[in-house]
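Remarks on the overall topology
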Number of protein chains: 2
Amino acid sequence: MGRRQAGRALARPVDAGGDGQAALRWARRDGGQVKTAHREAGGATVWDVARKAGVSAMTVSRVINGNTSVSVKNREKVMRAIGELNYEVNVAARAARIGTLRVGLLYSNPSEAFLSAFLVGALTECGQSGAHLILEHCDNLKSQRKAIDRLIDDGADGILVPPPLCDSKSALKMLAELGIPSVAVATARPSPQMSAVRIDDYEGALTMMRHLLALGHTDIGFIKGDPEHTPTQLRYQAFIDAMRGAGLDVPAERVAQGMFTYRSGLLAARELLGQATRPTAIFASNDDMAAAVIAVAHGMHLQVPDDLTVCGFDDTPVATTVWPELTTIHQPITDMARSAVALLIEHVRAQRSGHAYDRRHQLMPYTLVVRESTSGAE
Amino acid sequence: MGRRQAGRALARPVDAGGDGQAALRWARRDGGQVKTAHREAGGATVWDVARKAGVSAMTVSRVINGNTSVSVKNREKVMRAIGELNYEVNVAARAARIGTLRVGLLYSNPSEAFLSAFLVGALTECGQSGAHLILEHCDNLKSQRKAIDRLIDDGADGILVPPPLCDSKSALKMLAELGIPSVAVATARPSPQMSAVRIDDYEGALTMMRHLLALGHTDIGFIKGDPEHTPTQLRYQAFIDAMRGAGLDVPAERVAQGMFTYRSGLLAARELLGQATRPTAIFASNDDMAAAVIAVAHGMHLQVPDDLTVCGFDDTPVATTVWPELTTIHQPITDMARSAVALLIEHVRAQRSGHAYDRRHQLMPYTLVVRESTSGAE
DNA sequence: CTGAAAGCGCTTACAG
DNA sequence: CTGAAAGCGCTTACAG
């Protein structure tokens, strides 16, 4: 859906469809005088819509903004006119009137891959709402406070909190005390105080387990993640529940503690594969650790997946960098960021117009991505 | 420098300094009536500045926009008033008048690390100019055309071209034919047809060579990059020139061809280290390949840097992920993106006001980052 | 070189 | 439920 608004590149060909309207508008406003500088700005305005619908610009504005006090009849007339004229609200003009909406992003140390996927999504959504995205980095507890202050000082109307900050008690507490609208992204246990967008880590891990069980594996090892991160426990619980559900035992030596890092995955893999009998599959709770499992397996001259099935979680770039590529659970980070921005804007708008706003906890769909690192137990 | 404009979070404390001005303004405009909704918007306007400077708002506008036809005396008065009132232009209002500036980013497959650093920089600069960043991805030749069309259809006024697209003849040709302002980022051989922001790859590689030579290395191996990428030749040439400059020979077996990927680095390293006599240092033309060199060295039970010095180029996240961490040349991607956006906006503004615009090729400073992977030749 | 006026496209009180 | 008017803060012709 292309935007048709003022201020486009001058080199653009004239939009013949909209041009008639634009000329009409100028004629009406300027008594026939045509301003060349704006001849190409073919977008319809609220006035055009109002004229076509036979109502006032105010009513059009009310419809656009979802204001309820418009008669059904008029609302329909306006909607029809909007469709016919291909009207799109000019976000710049709106911003000039009500102030630019600023979405703050408070980030600490997510992976570069997470950050870029997140930024792409957040940016897309901000662009459509005419909101600005402002960034602030912090790396330790002390700088959290400063970063939040800077964000607010720079005019942030709401704040996005991606991992690992979304699991930081201190950061969440500060935001709650300030009372600024915030949305946590990809936390497994969202605080009731703020909105959140996440996948169901438990169901995701369960889906992966069903895949492994369906392949015929009965002796499966598991590498846990950093206990400080909220998805850790849920992914582990799903592993345990799936095994029990299949009537399978989970001996203690089949579970190793990791920290979500490659290095910790190395140690955990050596532990799991150093046993007298080896599992036929290892489920690492994230991709970095799964990649480490493959490295250790290769070091022991085990073929993946022939001698050992390996799978991860998250579907980060490392999943397709290593060989063989990892079977994993895809988290739709870009979509999650978009949703988070949408939720945040909703909240800010509600707050501005004095309405109460109920925090929302939104679940996004994950996907099982089957690649080369898993195969049937022989 | 905090922004003080309308539309900030309502929960913010009132800016006492600016508030007096704001009240004054409202009083003047509304005959004493104070609009609560905007009481907190403490920013000074062109009118405030004009009043303080004893000129018209037009003159203030002229000064802000760098218009030359303002007397030196008035310009100074205005500048002083701007300083005293802490005036900052309201980008939303400007956008409402002249149209929102849209900066398009056409990207194909940069690394996630590059993309996130780039986005952070581009976003920062766009935010300060009130410009919007719009993204479009393409992965093959055919989709390039489509992606560019979509960008233009979405109202992009100019286009940012990061690697590897900045080295794609077809993409550059399309952009040139369309005549849309564009800026290439991190290409080593910028086209005279468009502006570019880059580091000096030749000088950067030379700096790394001086570091190796200063450490006492005389037998140095080199891994070349993908011949399709423009920095490849320059980095290699610097290696050759530095060796010759130091009076050292470069036997053919000391140079291996890589493709900038980890996997190609693996092969190249095996080649270089499989010789009867080994070099004491290996300079890989990027970090991914340098990381592979370390892996191969470890596989051969060589200690890095004790038995082999290794260094890379670019300072991407892998440089600090591997162990030992890599000595490398840091490319300031975030700053480069900021500069690129600034250049693009300059170009678009010039074009809009009908001025000619000379393409600019901007050089950014690189940095030699010495970490653990290099040490003196024994 | 300088300014008064009109306008960008939208929304906010206000009055009906 | 609806509209006329004023205004967001800035810039663009136009006239001097």
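Structural notes, computed from the coordinates. These numbers were taken from a predicted model, which means no experiment stands behind them.

1. Some points on the overall build of chain A
The number of helices and strands found in chain A is 14 helices and twelve strands. The buried share of chain A, taken over its 378 residues, is 54%. For chain A, contacts bridging at least 24 residues in sequence account for 71% of all contacts bridging at least 6. Carbon together with sulfur atoms contributes 52% to the accessible area of chain A, which is approximately 16800 Å² in total.

2. So, the sheet that holds strand E3 (residues 158-161) of chain B
Residue and element names in this part refer to chain B. Read across the sheet, six strands follow the order E2-E1-E3-E4-E5-E11 without closing on themselves; strand pairing throughout is parallel. Either end of the sheet is taken by a strand with one partner, and the two such strands are strand E2 (132-137) and strand E11 (361-364). For this sheet, the mean inter-axis angle between neighbouring strands, taken without regard to orientation, is 20°. With six bridges joining them, strand E1 (residues 102-107) and E2 adopt parallel strand pairing. Within E2, the residue paired with Gly104 across the bridge is Ile134. Of the strands in this sheet, E1, E2 and E3 touch helix H7 (residues 141-153), which is tilted by about 155° from E2.

3. Some points on the packing of helix H9 (residues 201-214) of chain A against helix H10 (residues 231-245) of chain A
Residue and element names in this part refer to chain A. One way to put it is that H9 packs onto H10 with a least axis distance of 8 Å and a crossing angle of 35°. Note that H9 runs across H10; the crossing there is right-handed. Contact residues: H9 offers Asp201, Tyr202, Ala205, Leu206, Met209 and Leu213, while H10 offers Pro231, Leu234, Arg235, Gln237, Ala238, Phe239, Asp241, Ala242 and Met243. A per-class count over the contact of H9 with H10 returns eleven nonpolar, one polar and three charged.

4. Re the packing of aromatic side chains
Residues and elements named next belong to chain A. In total, this model carries ten aromatic pairs over all chains according to the counting rule given. Among the aromatic residues, those joined into a ring-pair cluster are Phe222, Tyr236, Phe239 and Phe283. In this structure, Arg235 is placed above the aromatic ring of Phe313, and the distance from its NZ or CZ to the ring centre is 3.7 Å.

5. Considering the pattern of salt bridges
Residue and element names in this part refer to chain A. One pass over the full model with this rule turns up 22 salt bridges over all chains. The salt bridge partner of Arg371 is Glu325, with a shortest N-O separation of 3.9 Å. Taken as a pair, Arg371 in the segment after strand E12 (367-369) and Glu325 in the loop between helix H13 (318-321) and strand E10 (328-330) lie far apart in primary sequence, 46 residues in all. Of the residues examined, Arg371 reaches a relative accessible area of 19% and is grouped as buried.

Quick notes on the rules
Along each chain, residues carry numbers from 1 onward, in the same order as the chain's sequence is written. To read the labels, note that chains go from A and ligands from 1, taken in the order they are written. The predicted origin of the model limits local features to residues at a pLDDT of at least 70 and limits the giving and counting of side-chain atom pairs to 80 or more, whereas totals for whole chains, interfaces and linings rest on all residues. As a rule here, side-chain values come from all non-hydrogen atoms in the structure, and water together with hydrogens is ignored. Elements are defined by DSSP. Helices are runs of H or I of four residues or more, strands are runs of E of two residues or more, and each kind is numbered from the N terminus. When accessible area is computed with a 1.4 Å probe and restricted to protein chains, residues below 20% of their type maximum are described as buried, those above 50% as exposed, and intermediate ones as partly exposed. Contact between two residues is taken to exist if any of their heavy atoms lie within 4.5 Å; hydrogens are not considered. Here the accessible surface of atoms and residues is derived via Shrake-Rupley with a 1.4 Å probe, and residues count as covered only by protein chains that are part of the display. One bridge is not enough; two strands pair if DSSP finds at least two bridges between them. For helices, the fitted axis covers only the stretch in contact; all axes are lines through C-alpha atoms, and the angles between them, taken along N-to-C directions, range from 0 to 180 degrees. Working rule for handedness: look at the near helix, and if it is turned counterclockwise from the far one by less than a right angle, call the crossing left-handed; if clockwise, right-handed. Residues are grouped as follows: nonpolar covers Ala, Val, Leu, Ile, Met, Phe, Trp, Tyr, Cys and Pro; charged covers Asp, Glu, Lys and Arg; every other residue, Gly included, is treated as polar. Each Phe, Tyr or Trp ring (for Trp, its six-membered ring) is paired with any other whose centre lies within 6.5 Å, and the angle between the two planes then decides the class: stacked below 30 degrees, edge-to-face above 60, tilted in between. The rule for a charge over a ring is simple: NZ of Lys or CZ of Arg within 6 Å of the ring centre, and within 35 degrees of the ring normal. Whenever Lys or Arg places a side-chain nitrogen within 4 Å of a carboxyl oxygen from Asp or Glu, that contact is recorded as a salt bridge.

Geometry only, nothing functional implied.
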